[in-house]
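The lines below spell out each chain.
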There are 2 protein chains.
Amino acid sequence: MNSEKKIETAASAGKRKKPITAQDLMNAAVKLLDSHRSVSSLSLREIARAAGIAPNSFYRHFRDVDDLAVALIDQAGRSLRGVIREARQRLSLERSAIRTSVEAFMEQLDAEQKTLHILLREMSIGSPAFRQAVDRELRFFEDELCEELTRMAKVTGHATYEPALASKAITRLVFTMGAAAADLPPEERGQIIDETVVMIKMIMEGAQSLAKRAAEK
Amino acid sequence: MNSEKKIETAASAGKRKKPITAQDLMNAAVKLLDSHRSVSSLSLREIARAAGIAPNSFYRHFRDVDDLAVALIDQAGRSLRGVIREARQRLSLERSAIRTSVEAFMEQLDAEQKTLHILLREMSIGSPAFRQAVDRELRFFEDELCEELTRMAKVTGHATYEPALASKAITRLVFTMGAAAADLPPEERGQIIDETVVMIKMIMEGAQSLAKRAAEK
DNA sequence: TTTTGCACTATACACTTGTATATACACACG
DNA sequence: CGTGTGTATATACAAGTGTATAGTGCAAAA
């Protein structure tokens, strides 16, 4: 059977108005990544098949599978930033800022599009462009956090030792713990959240304590 | 061209005494992973080709590519544990225990077999067996560290707040920072090491400070 | 010696992959 | 009415994939 088979049938059997969006392709790709496949193991044909289009139509929307992957990361980052910013606004006084943010982060894990899931899993793998996209999101997170830390310092009087470093530590920790939580059934995530919160408090406490010590000298 | 090509030539051109070891295959796989490919994108044939054997001979040594990947992780963990344990023994008094360990960890990044590299990159991806193997190694690390922390508490009198959690935080942080360092030219790793050391100190300082606060109440 | 077992190879098959080429259909503008 | 232009399609090809089947050659056991 050297020539093509006839059937590369659409997954979505419905009669669709023709035009397919880039987002449709991204959704199809995300569905394929459900279990534990890496983006780099997805084939262009597979994605096209899942989206119900001909293989070649893929090129109308993305240059590459890599290109699509980068788009996925951007999307993950954008919506994550939104969620965190929102969490920070409803920073009511009855709950700790830390806990609120961590919870928002973890909730985002099974948001409609599970792109955060993907970002966390594939952080350190994939094309240069891919990792660059991930790094961008990490830095976003760090910067916002760092700002917050220094602002907080002025209000409470508790200075932070090296706010940029503390932010980096917290960010990496949250992302790593998020990756661990991602593979867990949601009912076991509570523990991870608690652990993460305590870890963050350790870092902040430590950074403040080191700041005091440095000031005393 | 429907039938096979004739040449699937050995990569290692030398005239070898026939028997190839599982380790040879693992080495070949590692070489292929040099740049930034994920294990899941390696094909059995590719590995066999790189090792200079026929595709089918692969099965004499591993069931799967996945199977080989798990073996790689085990090897990475084994040698990492060795290195860290060794570092702890030459824990001379002139250098901090933290810095010595972190340096040992980072040095292991470009050890002969760069398997640690792979472990760090693919931590949260791959087959269940694969991630289980990674988790095993993480826990090893955590446990040894936790023991050390409580032992230290008795000597110095500085108790640690939740030693298990602090160990987990430190472990995850070191691994994440290691993953970041892995993609860097060795001359830029110094900074990462410094950062990591400070981060760890923050955590330990914080955990001790929290312990004191808890005791005072 | 013959036999048996093992490590490896060669060939083949059915299948998937990325992409080149050509083509069909819809809609906007002259 | 064309006539593009953009978006989808089908067909095809060369290459790569996992693996089934059938050897080949060589060392130890009989």
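What you are looking at is a predicted structure, and each value in this text was computed from that prediction instead of being measured. (Residues numbered from 1 in each chain as written. Chains lettered and ligands numbered in written order. Predicted model: local features only at pLDDT ≥ 70, side-chain atom pairs only at ≥ 80, totals over all residues. Heavy atoms only, no water.)

With respect to the environment of Leu-91 of chain A
Residues and elements named next belong to chain A. Put simply, the rule is: Each helix is a run of H or I in the DSSP string that is no shorter than four residues. Each strand is a run of E no shorter than two, and both are numbered from the N terminus. When a residue's accessible area, from a 1.4 Å probe over protein chains only, is under 20% of the maximum for its type it is buried; when over 50% it is exposed; and in between it is partly exposed. In what follows, residue pairs with any heavy atoms lying within 4.5 Å of each other are defined as contacts.
Tracing the chain through its elements places Leu-91 in the loop between helix H3 (65-89) and helix H4 (97-107). For Leu-91, a relative accessible area of 30% puts it in the partly exposed group. Distance from Leu-91 to Ser-101, taken between C-alpha atoms, is 8.7 Å for residues ten residues apart in sequence. With residues up to four places along the chain from it excluded, the contact list for Leu-91 reads Ala-97 and Thr-100.

Observations regarding the pattern of salt bridges
If the charged atoms of two oppositely charged side chains come close together, the side chains can form a pair. Residues and elements named next belong to chain A. Rules: Every case where a carboxyl oxygen of Asp or Glu lies within 4 Å of a side-chain nitrogen of Lys or Arg is listed as a salt bridge.
Taken as a whole and judged by the stated rule, the model has 34 salt bridges over all chains. Close ionic contact of Glu-46 with Arg-37 constitutes a salt bridge, the shortest N to O distance being 2.7 Å. With its nearest N and O atoms 3.3 Å apart, the salt bridge here joins Glu-148 to Arg-88. On the criterion of sequence distance, the pair formed by Glu-148 in helix H6 (residues 128-156) and Arg-88 in helix H3 is long-range, its members being 60 residues apart.

Quick word on the packing of aromatic side chains
Residues and elements named next belong to chain A. The condition is simple: Between 30 and 60 degrees the pair is tilted, below 30 it is stacked and above 60 it is edge-to-face, where a pair is any two Phe, Tyr or Trp rings, Trp via its six-membered ring, whose centres lie within 6.5 Å. Criterion for a charge above a ring: Lys NZ or Arg CZ within 6 Å of the ring centre, and within 35 degrees of the ring normal.
Counted by the stated rule, this structure contains ten aromatic pairs over all chains. Seen from their ring centres, Phe-141 and Phe-175 are 5.2 Å apart, and the 90° between their planes marks the pair as edge-to-face. In this pair, Phe-141 sits in helix H6 while Phe-175 sits in helix H7 (residues 163-182), placing the two residues 34 residues apart along the sequence. Pair check on accessibility: Phe-141 and Phe-175 agree, each one buried. Among the aromatic residues, those joined into a ring-pair cluster are Phe-58, Tyr-59 and Phe-62. The residue whose ring lies beneath Arg-81 is Phe-140, and the NZ or CZ to ring-centre distance is 3.8 Å.

What to know about the protein's contact with DNA strand C
Formally: Distances are taken per atom, and a residue is near a molecule or strand as soon as one of its heavy atoms is within 4 Å of it. Pairs of N or O atoms are called polar contacts if they sit within 3.5 Å, as long as, within protein, a hydrogen donor faces a hydrogen acceptor (for residues adjacent in sequence, only side-chain-to-side-chain pairs). All amino acids are sorted into three groups, where Ala, Val, Leu, Ile, Met, Phe, Trp, Tyr, Cys and Pro are nonpolar, Asp, Glu, Lys and Arg are charged, and the leftover types, Gly among them, are polar.
Lining the immediate surroundings of DNA strand C are 20 residues, of which Arg-45, Arg-49, Asn-56 and Tyr-59 of chain A together with Ile-20 of chain B lie closest. Within the contact set of DNA strand C, a base nitrogen lies 2.4 Å away from a side-chain nitrogen or oxygen of Arg-45 of chain A. One of the side-chain N or O atoms of His-61 of chain B is found 3.2 Å from a phosphate oxygen in DNA strand C. Broken down by element, the surface near DNA strand C gets its largest block of residues, three residues, from helix H2 (residues 44-51) of chain A. Of the residues in the surface near DNA strand C, the class split is seven nonpolar, six polar and seven charged.

Comments concerning the side chain of Glu-142 of chain B
Position of Glu-142 of chain B relative to the elements: it lies in helix H6 (residues 128-156). If sequence neighbours within four positions are ignored, Glu-142 of chain B has contacts with Ser-167, Lys-168, Thr-171 and Arg-172 of chain B.

Concerning the relation of the copies chain A and chain B
Worth spelling out the cut-off: The copies are overlaid by a least-squares fit using only the C-alpha atoms of residues whose pLDDT is at least 70 in both copies.
Between the two copies, chain A and chain B, the superposition gives an RMSD of 0.1 Å; the rotation angle is 180° and the shift along the axis is 0.0 Å. Each copy turns onto its partner about a two-fold axis. Relative to the rotation axis, the closest C-alpha in chain A is found at Gly-206 of chain A, a distance of 1.7 Å. The overlap is high: 100% of the interface residues of chain A also sit at the interface in chain B, so the same surface is used on both sides.

With respect to the interface of chain A and chain B
The following threshold applies: In short, buried area is how much 1.4 Å probe accessible area vanishes from two parts on joining, totalled over both.
Contacts between the two partners involve 35 residues from chain A and, on the opposite side, 35 residues from chain B. Around 3200 Å² of area is buried between chain A and chain B when both sides are counted, 66% of it from carbon and sulfur atoms. The largest per-residue losses of area from chain A upon contact with chain B belong to Ile-125, Met-202 and Glu-205 of chain A, which jointly make up 20% of the total buried on that side. The interface formed by chain A and chain B includes six salt bridges. Ionic pairing is found between Asp-183 of chain B and Arg-131 of chain A, a salt bridge with its closest N-O pair at 3.3 Å. For the interface between chain A and chain B, the tally reads 15 residue pairs in polar contact (both at pLDDT 80 or more). Contributions of two or more residues to the side of chain A that touches chain B are made by helix H5 (115-122), H7 and helix H8 (189-216) of chain A. Per-element accounting of the side of chain A that touches chain B gives the leading share, twelve residues, to H8 of chain A.

What about the protein's contact with DNA strand D?
For DNA strand D, the set of nearby residues contains 20 residues, the closest of which are Ser-57 of chain A together with Arg-45, Arg-49, Asn-56 and Tyr-59 of chain B. The sugar-phosphate backbone supplies 40% of the atoms of DNA strand D found within 4 Å of the protein. A distance of 2.9 Å is found between a phosphate oxygen of DNA strand D and a side-chain nitrogen or oxygen belonging to Ser-57 of chain A. Here Leu-44 of chain B contributes a backbone N or O atom positioned 2.8 Å from a phosphate oxygen of DNA strand D. With three residues, helix H2 (residues 44-51) of chain B is the largest single contributor of residues to the surface near DNA strand D. Of the residues assigned to the surface near DNA strand D, the class counts are seven nonpolar, six polar and seven charged.

Observations regarding the packing of helix H1 (residues 22-32) of chain A against H2 of chain A
Residues and elements named next belong to chain A. The cut-off we apply is this: Axis definition: a line fitted to C-alpha atoms, limited for helices to the stretch in contact. Angles are taken between N-to-C directions and run from 0 to 180 degrees. Any angle that falls under 35 degrees is termed roughly parallel, while one over 145 is termed roughly antiparallel, one within 65 to 115 roughly perpendicular, and all others oblique.
Closest axis-to-axis distance for the H1/H2 pair is 8 Å, and the angle between their directions is 110°. Taken together, the axes of H1 and H2 lie roughly perpendicular to each other. Seen from H1, the contacting residues are Leu-25, Ala-28, Ala-29 and Leu-32; seen from H2, they are Glu-46, Ile-47, Ala-50 and Ala-51. Per-class residue counts for the contact of H1 with H2 are seven nonpolar, no polar and one charged.

Considering the environment of Leu-80 of chain B
Residues and elements named next belong to chain B. Among the secondary structure elements, Leu-80 is positioned in helix H3 (residues 65-89). Residue Leu-80 is classed as buried on the basis of its relative accessible area of 4%. In sequence terms Leu-80 and Glu-162 are 82 residues apart; their C-alpha atoms lie 25 Å from each other. The contact partners of Leu-80, leaving out residues within four places of it in the chain, are Phe-105, Gln-108, Leu-116, Phe-141 and Phe-175.

Quick look at the nonpolar core
To be explicit about the condition: Residues enter a nonpolar core if they are buried and are Ala, Val, Leu, Ile, Met, Phe, Trp, Tyr or Cys, with the set joined through side-chain atoms within 4.5 Å.
Of all hydrophobic cores here, the largest spans 135 residues; its most connected members are Phe-105 of chain A together with Phe-105 of chain B. Other than its neighbours up to four places away in sequence, Phe-105 of chain B contacts Leu-80, Ile-84, Leu-116, Leu-120, Phe-141, Val-174, Phe-175 and Gly-178 of chain B.

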